[in-house]
Amino acid sequence: MLYPKKVKHRKWHRGKRRGKGIETRGTELSFGSFGLKAQDGKWLTARQIEAARRAIIRYLKKGGKLWIRIFPDKPVTQKGTEVPMGGGKGGVDHYVSVVKPGRMLFELEGIKEEMAREAFKKATTKLPIKTKFVKK
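Residues numbered from 1 in each chain as written. Predicted model: local features only at pLDDT ≥ 70, side-chain atom pairs only at ≥ 80, totals over all residues. Heavy atoms only, no water.

Enquirer: Lay out the pairing of strand β5 (residues 91–99) in plain terms, naming residues and giving numbers.
Expert: For a regular strand, side chains alternate in direction, first toward one face of the sheet and then toward the other. Summarising the sheet, strand β2 (residues 42–45) and β5 pair through four bridges and their orientation is antiparallel. Note on β5: the bridge partner recorded for W43 is V98. In the sheet, strand β4 (residues 74–78) pairs with β5 via five bridges, with the strands oriented antiparallel. Note that in β5 the partner of P75 across the bridge is Y95. (Pairing = 2+ DSSP bridges. Helix = DSSP H or I, 4+ residues; strand = E, 2+ residues; numbered from the N terminus.)

Put into structure tokens, the structure is as follows:
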């Protein structure tokens, strides 16, 4: 699973989720011929990204090259179950990637378009957002 090796600050503020906006960076195909683009804004956990990656790899077997264009670098904290209120902020539970509409999530190269479409279709079922297939 993806997670940062080292972080400047162990615990972050959640930040504002209102008005998510539209992504300005990472919206075009840079590496491959086919891509999976986000249509919604949401936090994608490292587990969801890994599940989508595994679905793509399993479908492609050994063919093609895959690029993951997002990285979960935002820590999300959570207090343990049945812990009383107070006592400060909880420990880091997992990491998420903040995805805005228009962000390129995955890219593929070296396979036919039909295979890429099917691979991304399987990956989309693992993600909590709407996505779009993009080609050069």
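Back to the write-up after that little detour.
Enquirer: So what about a positive patch on the surface? Which residues, and what values?
Expert: A surface patch of positive charge is lined by R14, R17, K42 and K89. Here R14 shows up in the segment before β1 (34–38). (Patch = residues over 30% accessible without salt bridge, like charges linked within 9 Å, V, L, I, M, F, W, Y side chains within 5 Å. Areas by Shrake-Rupley, 256 points an atom, 1.4 Å probe, with all protein chains shown as cover. Salt bridge = Lys/Arg side-chain N within 4 Å of Asp/Glu carboxyl O. Lys, Arg positive; Asp, Glu negative; His and termini not counted. Charge placed at Lys NZ, Arg CZ, Asp CG, Glu CD.)

Enquirer: Outline the environment of G110, listing residues and values.
Expert: Looking at the secondary structure, you find G110 in the loop between β6 (104–109) and α2 (113–124). For G110, a relative accessible area of 60% corresponds to the exposed category. Linking G110 and G32, residues 78 residues apart in sequence, is a C-alpha distance of 8.1 Å. (Buried < 20%, exposed > 50% of the residue type's maximum accessible area, 1.4 Å probe, protein only.)

Enquirer: Summarise the environment of W12; cite the residues concerned and give the values.
Expert: In this fold, W12 is placed in the segment before β1. On the basis of relative accessibility, which here comes to 31%, the residue W12 falls in the partly exposed class. With 63 residues separating them along the chain, W12 and P75 place their C-alpha atoms 6.4 Å apart. For W12, the contacting residues outside a window of four places in its chain are D73, K74, P75 and K89. From its side chain, W12 meets the backbone oxygen of H9 in a polar contact 3.1 Å long. (Contact = heavy atoms within 4.5 Å. Polar contact = N/O pair within 3.5 Å; in protein donor to acceptor, adjacent residues only side chain to side chain.)

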